[in-house]
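The chain contents come next:
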Amino acid sequence: MTKNLKVLVSSNDFADSGIKILEEHFTVLKSRYFGFGEEGLNENMQELMNLIPGCSALVWVSHHQITKELLDKAGPQLTLVSTASAGYNNCNVPELKARGIKLSNTPNVLSAAVAEIAVSLMIAAARRFPENLDQVKRGVWDGIGFQNVLGQDLRGSTVGIVGFGGIGQATAKRLVGFEVAKFLYSGHREKPEAKEFNAEFVPQDTLLNQSDFILLAAPLTDETKHMINKTTLAQMKNNAIIVNVGRGDLVNQDDLYEALKNKQIYAAGLDVSTPEPLPKDHKLLTLPNLFLLPHIGSATVRTRNDMAELAARNVVNALYGKPLITPVFP
Ligand SMILES: O=C(O)C(=O)CO
């Protein structure tokens, strides 16, 4: 019915499977892909400003902020922002709400892929991958020594999960096979799913001072911003390993740098940072006990296809007046 309705996809590196669903119903406009450097994002925003007038839905495939100016340019027919991500901290929720624009995201379909990265980061940080890789590059294999470059075990450890939602639970499920001794979790409320893992609901302070591994899988909100800071780092054990698969701003990076440098905590494994990309001369990258990945949590072929299809189906539903499949707010 609706080829006359226009849908804007914020970057043309969106998966074809999602585009195909959209093109069956609507006229699809795509911004070119300009990369994720600051310059690229500015160019992307310029192009989006030109393309968005008259569009009924915006598929957000980008990590930058949806601005008030972009929404102003769109016009009053903009019904939905469908973000192809679980996190929606960059979607300008107050402006969308004020304008009565719906928001959907893509939770659940990415939990397994992000959990795999969470486990990878735990192992990479605990088994000192940066130092060991450096040895390989230098041709100096001290790790062969019986007592050299020893790491820490997941086996027998206490894992504290901040944010026991889909990603937190998918990670716990995978960690069971690593013979973790105990799971703790914190958050707003107890979760019935925790029973499966004998996971104990505890205040955040308890989680921080008892855990060997601390997994951050919480959304970024005003409440969680910089929840890892000088004060909370001081509550952690000296052998604590922080893993962040949420958003860079959950962590105060200056405070993390100090804690890692002074060996107040053992190591960190991060899939996210502030900013992204982290400049290659950033002080965090000088630390041997920090392992950073370039925000690849959900970056598998299958998961990105699933995310694209779900994001597209949310658009179809919204523009046909049906309930959103995964609404943030309807
Ligand atoms: O879905 C999200 O929020 C992500 O960060 C994907 O990697």
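Nothing here was measured: the structure is a model prediction, and the numbers come from that model.

(A) The arrangement of the site of the ligand in detail. Around the ligand lies a shell formed by Ser85, Ala86, Gly87, Leu110, Arg247, His295 and Ser298. Within the backbone of Ala86, a nitrogen or oxygen atom sits 2.6 Å from an oxygen atom of the ligand. Note that an oxygen atom of the ligand is positioned 3.0 Å from one of the side-chain N or O atoms of Ser298. Protein contact buries 92% of the 230 Å² of open area that the ligand shows by itself. Counted by class, the shell around the ligand contains two nonpolar, four polar and one charged residues.

(B) Quick look at helix α1 (residues 16-23). Taken residue by residue, α1 has Gly18, Ile19, Ile21 and Leu22 as its buried positions. Considered in projection along α1, the buried side chains sweep an arc of 160° and stay on one side of the axis. Away from its buried face, by an angle of more than 90 degrees, α1 presents the exposed residues Asp16 and Lys20. The inward-facing, buried residues of α1 abut β1 (6-9), β2 (27-30), β3 (55-60) and α11 (301-319).

(C) Focus on the nonpolar core. With 33 residues, the main nonpolar core has Val159, Phe183 and Val245 as its most contacted residues. Where this core is concerned, the elements lending two or more residues are α5 (111-126), β6 (158-162), α7 (166-175), β7 (182-186), β9 (213-216) and β10 (241-244). Per-element tally for this core: the top contributor is α5, with nine residues. Sequence-distant contacts of Phe183, that is, excluding residues within four places in its chain, are made with Val159, Ile161, Ala172, Leu175, Val176, Phe197, Asn198, Ala199 and Glu200. Counting 28 residues, the second-largest nonpolar core is a separate cluster that includes Leu207, Leu208, Leu260 and Leu278.

(D) Structural view of the UniProt feature "domain: D-isomer specific 2-hydroxyacid dehydrogenase catalytic" (unreviewed entry) in the protein chain. The positions UniProt marks with the feature "domain: D-isomer specific 2-hydroxyacid dehydrogenase catalytic" (unreviewed entry) are residues 15-328. Its end C-alpha atoms 22 Å apart, residues 15-328 is made of 36% helix and 15% strand.

(E) The pairing of strand β4 (residues 80-83), seen in detail. Neither face of β4 is open: one carries Leu80 and Ser82, the other Val81 and Thr83, and all of them are buried. Bridge count between β3 and β4: four bridges; the pairing is parallel. In the strand pairing of β4, Ala57 is matched with Leu80. For the crossover that starts at β3, traverses helix α3 (residues 68-74) and ends in the parallel β4, the hand is right-handed. Sheet analysis places β4 next to strand β5 (residues 102-104), joined by three bridges and oriented parallel. The partner of Ser82 across the bridge, within β5, is Ser104.

(F) Geometry of a nonpolar patch on the surface. Taken together, the side chains of Val136, Trp141 and Ile144 define a hydrophobic patch exposed on the protein surface, amounting to about 360 Å² of accessible area. If you trace the backbone, Val136 turns up in helix α6 (residues 129-138).

(G) Geometry of the packing of α5 against α7. Look at α5 against α7: their axes get within 8 Å of each other, and the N-to-C directions meet at 60°. By the angle between their directions, the pair α5 and α7 is classed as oblique. Every pair of crossing elements has a handedness; the one defined by α5 and α7 is right-handed. Taking contact as the criterion, the partners of Ser111, Ala112, Val114, Ala115, Glu116, Ala118, Val119 and Met122 in α5 are, on α7, Gly166, Ile167, Ala170, Thr171, Arg174 and Leu175. Each residue belonging to the contact of α5 with α7 can be placed in one class, and the counts come to nine nonpolar, three polar and two charged.

(H) Spatial organisation of the sheet that holds strand β12 (residues 290-292). Strand order in the open sheet made by the seven strands is β8-β7-β6-β9-β10-β11-β12, with parallel pairing throughout. For this open sheet the edge positions go to β8 (200-201) and β12, each flanked by a neighbour on one side alone. Bridge count for β7 against β8 is two bridges, and the pairing is parallel. Looking across to β8, one finds that Leu184 is bridged to Glu200. Strands β6, β7 and β9 of the sheet are contacted by α7, whose axis makes an angle of about 165° with β6.

What counts and what doesn't
- Residues numbered from 1 in each chain as written.
- Predicted model: local features only at pLDDT ≥ 70, side-chain atom pairs only at ≥ 80, totals over all residues.
- Heavy atoms only, no water.
- Near = heavy atom within 4 Å.
- Polar contact = N/O pair within 3.5 Å; in protein donor to acceptor, adjacent residues only side chain to side chain.
- Areas by Shrake-Rupley, 256 points an atom, 1.4 Å probe, with all protein chains shown as cover.
- Nonpolar A, V, L, I, M, F, W, Y, C, P; charged D, E, K, R; others polar.
- Buried < 20%, exposed > 50% of the residue type's maximum accessible area, 1.4 Å probe, protein only.
- Helix = DSSP H or I, 4+ residues; strand = E, 2+ residues; numbered from the N terminus.
- Arc of directions from axis to C-beta.
- Contact = heavy atoms within 4.5 Å.
- Core = buried A, V, L, I, M, F, W, Y, C linked by side-chain atoms within 4.5 Å.
- UniProt positions renumbered as here; feature names shortened; annotations may be inferred.
- Pairing = 2+ DSSP bridges.
- Right-handed = clockwise from strand over helix to strand, strands pointing away.
- Patch = residues over 30% accessible without salt bridge, like charges linked within 9 Å, V, L, I, M, F, W, Y side chains within 5 Å.
- Salt bridge = Lys/Arg side-chain N within 4 Å of Asp/Glu carboxyl O.
- Axes fitted to C-alpha atoms, helices over the stretch in contact; angles between N-to-C directions.
- Parallel < 35°, antiparallel > 145°, perpendicular 65-115°, else oblique.
- Left-handed = near helix turned anticlockwise from the far one by under 90°.

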